[in-house]
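Structural characterization, general
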Amino acid sequence: MLTIVILTLFLLAGGPPMLAAMTSSLARDVHSTHILKVIEAVRSEVGRYYATIAVINLGLASATVWR
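Keep in mind the model is a prediction, meaning the values are calculated, not measured.

**Considering the overall build of the chain**
Looking only at helices and strands, one finds two helices and zero strands in the chain. Taken across its 67 residues, the chain has 10% of its residues classed as buried. Looking at the chain as shown, the accessible area adds up to about 5,500 Å², and 73% of this sits on carbon and sulfur atoms.

And the structure:
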């Protein structure tokens, strides 16, 4: 499970060039375009999740320091 998580994060961090290379090897049709859209949506959601967690942690840290 840990390997899958690490591999997923690595692939998501690779960005569009890595994703384009991966999907071009799969197929050259509408299916690969759909895969790229899904992967980009996942990257966006994961980024939003990490940003939210960072804001929450910064708020908690500032509340702890100022208390």
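There is more to say, and it comes next.
**Observations concerning the packing of aromatic side chains**
What the rule picks out here adds up to one aromatic pair. Taking 5.7 Å as the distance between ring centres and 55° as the angle between the ring planes, the aromatic pair formed by Y49 and Y50 counts as tilted. Exposure remark for Y49: the relative accessible area of 51% places this residue in the exposed category. According to the relative accessible area criterion, Y50 is partly exposed, its value standing at 44%.

**Considering the environment of I39**
With respect to the helices, strands and loops of the structure, I39 is situated in helix α2 (residues 30-65). Note: C-alpha distance between I39 and L12 (27 residues apart in sequence) is 7.9 Å.

**A word on a nonpolar patch on the surface**
A cluster of nonpolar side chains, namely M1, I4, V5, L9, Y49, Y50, I53 and I56, defines an oily patch on the protein surface of about 830 Å² accessible area. Mapped by element, the contributors of at least two residues to the nonpolar patch are α1 (2-26) and α2. In terms of residues, the nonpolar patch owes the most to one element, α2, which gives four residues. Of note, I4 is situated in helix α1. With a relative accessible area of 53%, I4 lands in the exposed category.

The rules behind these values
- Residues numbered from 1 in each chain as written.
- Predicted model: local features only at pLDDT ≥ 70, side-chain atom pairs only at ≥ 80, totals over all residues.
- Heavy atoms only, no water.
- Helix = DSSP H or I, 4+ residues; strand = E, 2+ residues; numbered from the N terminus.
- Buried < 20%, exposed > 50% of the residue type's maximum accessible area, 1.4 Å probe, protein only.
- Areas by Shrake-Rupley, 256 points an atom, 1.4 Å probe, with all protein chains shown as cover.
- Phe/Tyr/Trp six-rings, centres within 6.5 Å; stacked < 30°, edge-to-face > 60°.
- Patch = residues over 30% accessible without salt bridge, like charges linked within 9 Å, V, L, I, M, F, W, Y side chains within 5 Å.
- Salt bridge = Lys/Arg side-chain N within 4 Å of Asp/Glu carboxyl O.

Function cannot be inferred from these measures alone, as they are strictly geometric.
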